[in-house]
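Architecture at a glance
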Amino acid sequence: MATGSEVKVEEYFQCLICNQPVTKPKLLLCLHTFCEDCVQKEYHGRGVKCPICGMMTNGDLTCLKDNVFVANLQKKVKKQQQILASNELRCVSCEDSASPEFMCLECDKLLCTKCLHTHQVLMTDHKKYVQTLGTLRKLDSDEFLKILRRPKHLFCSTHDDQQLSLYCITCSVWLCVLCLVLEHKDHNCCGIRKQIAAQKNEFREMLGTVEENERKFSKTQGDLELLIDKLNSGKYNMEELIRARVTAAIEKVKEEEDRLLNELKELHSARIQKLQEDLMRTENVFKRMSASKSLVAQLLRYATEQEVLELQGSIKSALTSLREEKPLNVQMANTVIDFQECWVYPEKMLGNLIITKLRPEAVPDGMLRLSGHKTPTLYVKENSQLPEDGVTEKAPNDANSAVLIAEPTNDEDSVPPVSIKETMVFFDLETTGLEKFCDIVQLSAVSGEKIFDKYIMPSKPMTVGAAAITGIQVMNGVLYHKGEPQLTCTLQDAMSAFLQFLQSLDRPLLTGHNIWKFDGPIILRAWEKLCMKEQFDKCVSGFLDTYSLARDIVPRSEVSSYRQSDLVKAYLKKDYEAHNAIEDVKSLQELYSILKFTPEQKQKNQFSLSQLESRVSLQPFLDDKILFFQLADKLAMQEVHFEKLKLTHQQNPESGLKTLLQSLGFSGPTYIRLSNFFSR
């Protein structure tokens, strides 16, 4: 009886790209099989992305493994079909092409009675392998393939007349006796049957582990689908509640309906997108597991020893990868979007959207919903920031929206607040030089164990100084790092990938060393060049410069300078490969984890994208020595930019700039130099 894990043999002959019988079958790393021509159509520069599970198989098409198991299985089934259609059969040895009555399973020949006698005289050891066609016609596909699976003599590719009988464990190759004597005399070798048996046992053990992991992914898949259904249901319920409230409200607050619905749409879209990405990844791994389980099950059932030898590397690699896959922690993604009416501010009379993260320990086993709990007391604070230990996120809205901070009531059934830790992303750039409009050649970032690293082909040549410091050179269209060629991409591709990296996190704080003066302006210009500034602004909460932070908290006597390499040496007691962006960010993340500072010190050294824009816009005043760096920094932190100063001067050339600067707390003759600049 066939088990639930077995698949009909005929299903392996169907290419899932063209839906036709597979021709010249090629095996991808995920163990899915397709026609050679279909795989060529799916090839995109660096490899093939499986259309079934999405896994990439990198490398040239010539490196793809032929699925000899499927190809040979096709031939065997075709042979059975020919035997069943007796009118098409002819003896392969008879000059008269008589109808065959026998088949030699050793040499796969169809023979008539006359030729069978000759064959048995010439091939005396083949007698026991002869079967009548009548017997073979009575067999189903499973029995027929099992008969053809019987052991056959395997011959050495180097010594044609010698049978393979040994396996060299040292070199991982199959040997004949001559190979052993001539080339592998002192190596660790064993019998071929023993090695094949051991390989099959290892397949069975690995398959058992993958099946166990498959069950976990199956549960994760169901949980993710349940979360998506719950979010969709919640979205529709909230829409009805919002519309009902709008209907009862007075005419002047109808604008609030659009505000709330837009907030809900953004919140729902962000979470649905994340869950769908997680679901797609889970489904793709599940598909790989299913394909691997099916192929290995059929391989163990029908494959010849030669087929096992041919495919062992690919299958072992795929099963090892699947065995190490870990399903997502679905409970950590369990959030609900709720609505709370608020009458504190008339302009907010419809209420605000709130997001509450559900504690994993509050979710009963096997369920993805909390039991009933009381509604927390809500306080509205205009333009305030959510504290790190809060339980409610701010809906992505405009500056007029209020932050709702949920606090637990004294009710015993209320849910305690959940600590939400701020997400940090440490990033660094390597560039073609130190000039203002240099090109980015490496962009790296880390957030915990998540790593991002891209080399970018620049449009400008590397300066001699930059090449010497970073070890990066470009020669003949190839980027080298310390003599090793690197895979590169365009600035557009790198920034798109970086945007996806940041979007996978919860509005992280972009952190770097000396980014206020160097990295920040350069990456800002890149975003503006690619028209991606608004996208990045939406997915980050701001910036933190560890250079200025270190100057505030690290005594000058403890370090030789505030360069990152000197700080790492002083506090981490180690040297590292400085000016390699990926090593810089890893060291910076480690350094940040041990620095001691107050929330006020940290807040002082944070800045927003608009403040960074203001700082970049004031650069012409620094170039002309109209402003000093300290004053430019202070103006930028108050979001005073070039156009604002220019417009102030145009509206009131006599005293506009003086009045503006005095209102910001600046005195002195700076307004005179600025007025002269704009007058020119």
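Remarks on the overall build of the protein chain
- Secondary structure summary: the protein chain contains 23 helices and 26 strands in total.
- Across the 680 residues in the protein chain, those meeting the buried criterion constitute 45%.
- Contacts spanning at least 24 positions in sequence make up 63% of the contacts within the protein chain whose residues lie at least 6 apart.
- For the protein chain, the computed accessible surface area is about 36400 Å², with 50% contributed by carbon and sulfur atoms.

Quick look at helix α5 (residues 141-148)
- Three or more residues of α5 are buried, namely F144, L145 and L148. Projected onto a plane normal to the axis of α5, the buried residues spread over an arc of 95 degrees and lie on a single side.

A few points about helix α20 (residues 629-637)
- Residues of α20 that are buried include every one of L631, A632, D633, L635 and A636, and no others.
- Looking at the packing, one finds that the buried side of α20 touches α12 (515-529), α18 (609-617), α19 (619-623), α22 (656-663) and α23 (670-679).
- Two residues or fewer past α20, E639 is found with a positive phi of approximately 60 degrees.

Thoughts on the side chain of T546
- With respect to the helices, strands and loops of the structure, T546 is situated in helix α14 (residues 546-553).
- A relative accessible area of 3% places T546 in the buried class.
- Contacts of T546, omitting those with residues within four sequence positions, involve T511, G512, H513, L588 and Y592.

Examining the sheet that holds strand β18 (residues 440-447)
- Reading across the sheet, the 7 strands line up as β23-β19-β18-β17-β24-β25-β26 and stay open at both edges, with mixed pairing between neighbours. Both edges of this open sheet fall to β23 (488-489) and β26 (606-607), since each of them pairs with a single strand only.
- This element, α12, spans β17 (424-431), β18, β24 (509-512), β25 (542-545) and β26 of the sheet and lies at about 85 degrees to β17.
- Most of the contacts of α14 go to β25, to which it runs at about 50 degrees, and overall it touches β24 and β25.

Quick word on the packing of aromatic side chains
- Applying the stated criterion across every chain yields a total of 16 aromatic pairs.
- Ring geometry for F452 versus F501: centroids 5.7 Å apart, planes at 45 degrees, classification tilted. With F452 in strand β19 (residues 450-456) and F501 in helix α11 (residues 491-503), this residue pair connects regions lying 49 residues apart in the sequence. As far as the burial class goes, F452 and F501 line up, both buried.
- Pairing F621 with F642 gives two aromatic rings, centres 5.2 Å apart and planes at 20 degrees, and the pair type is stacked. Separated by 21 residues along the polypeptide, F621 in helix α19 and F642 in helix α21 (residues 642-651) bring together distant segments of the chain.
- A relative accessible area of 0% places F621 in the buried class.
- The class for F642 is buried, based on a relative accessible area of 17%.
- By the ring-pair criterion, three or more aromatic residues cluster together here, those being F452, F498, F501, W527 and F536.
- Positioned above the aromatic ring of F629, the side-chain terminus of K517 is 5.5 Å from the ring centre.
- A cation sits over an aromatic face here: R525 above F437, 5.0 Å from the ring centre.

Points about the environment of V70
- Take V70: it is sitting in helix α2 (residues 68-84).
- Residue V70 is classed as buried on the basis of its relative accessible area of 0%.
- Separated by 225 residues in sequence, V70 and L295 have C-alpha atoms that sit 9.3 Å apart.

A few points about the sheet that holds strand β9 (residues 166-168)
- The sheet built from 3 strands is open, its strands ordered β10-β9-β11 with antiparallel pairing. In the strand order of this sheet, the two ends are held by β10 (173-175) and β11 (189-191), each with one partner. Between one strand axis and the next, the sheet turns by 30 degrees as a mean value, whatever way the strands run.
- Of the pairings in the sheet, the one linking β9 to β11 comprises 3 bridges and is antiparallel in character. Residue pairing across strands places Y167 opposite C190, the latter belonging to β11.
- Most of the contacts of helix α7 (residues 192-248) go to β11, to which it runs at about 90 degrees, and overall it touches β9, β10 and β11.

Some thoughts on the confidence of the model for the protein chain
- When pLDDT is averaged along the protein chain, the result is 80, and 83% of the positions lie at 70 or above.
- Contacts of residues 1-7 to residues separated by more than four positions or lying in other chains number 7 contacts, the stretch itself having pLDDT below 50.
- Predicted confidence is poor over residues 343-347, with pLDDT under 50, and the contacts of this stretch with residues over four places away or in other chains come to 6 contacts.

Some remarks on the packing of α21 against α23
- Viewed as axis vectors pointing N to C, α21 and α23 meet at an angle of 85 degrees, and their least axial separation amounts to 10 Å. Accordingly, the angle class assigned to the pair α21 and α23 is roughly perpendicular. Facing F642, L645, K646 and H649 of α21, the residues of α23 in contact are L674, S675, F677, F678 and S679.
- Residue composition of the contact of α21 with α23, grouped by class: 5 nonpolar, 3 polar and 1 charged.

Looking at the pairing of strand β20 (residues 472-475)
- Where β20 lies against strand β21 (residues 478-481), 4 bridges are found, and the strand directions are antiparallel. Bridge pairing in β21 places M475 opposite V478.

A short note on unusual backbone geometry
- Even without glycine at this site, C531 takes up a positive phi of about 55 degrees.
- If you trace the backbone, C531 turns up in the loop between α12 and α13 (533-539).
- Residues other than glycine seldom take positive phi values, yet K625 does so here, at roughly 60 degrees.

Considerations on the side chain of N213
- Its location among the elements puts N213 in helix α7.
- Discounting chain neighbours no more than four positions away, the residues touching N213 are M289, L322, R323, E325 and P327.

Regarding the pairing of β24
- Across the two faces of β24 the burial is the same, with L509 and T511 and L510 and G512 all buried.
- With 3 bridges joining them, β17 and β24 adopt parallel strand pairing. When the bridges of β24 are listed, V425 appears paired with L510.
- Relative to β25, β24 runs parallel, the two being bridged by 4 bridges.

The rules we used
Residues numbered from 1 in each chain as written. Predicted model: local features only at pLDDT ≥ 70, side-chain atom pairs only at ≥ 80, totals over all residues. Heavy atoms only, no water. Helix = DSSP H or I, 4+ residues; strand = E, 2+ residues; numbered from the N terminus. Buried < 20%, exposed > 50% of the residue type's maximum accessible area, 1.4 Å probe, protein only. Contact = heavy atoms within 4.5 Å. Areas by Shrake-Rupley, 256 points an atom, 1.4 Å probe, with all protein chains shown as cover. Arc of directions from axis to C-beta. Pairing = 2+ DSSP bridges. Axes fitted to C-alpha atoms, helices over the stretch in contact; angles between N-to-C directions. Phe/Tyr/Trp six-rings, centres within 6.5 Å; stacked < 30°, edge-to-face > 60°. Lys NZ or Arg CZ within 6 Å of the ring centre and 35° of its normal. pLDDT = per-residue confidence, 0-100. Parallel < 35°, antiparallel > 145°, perpendicular 65-115°, else oblique. Nonpolar A, V, L, I, M, F, W, Y, C, P; charged D, E, K, R; others polar.

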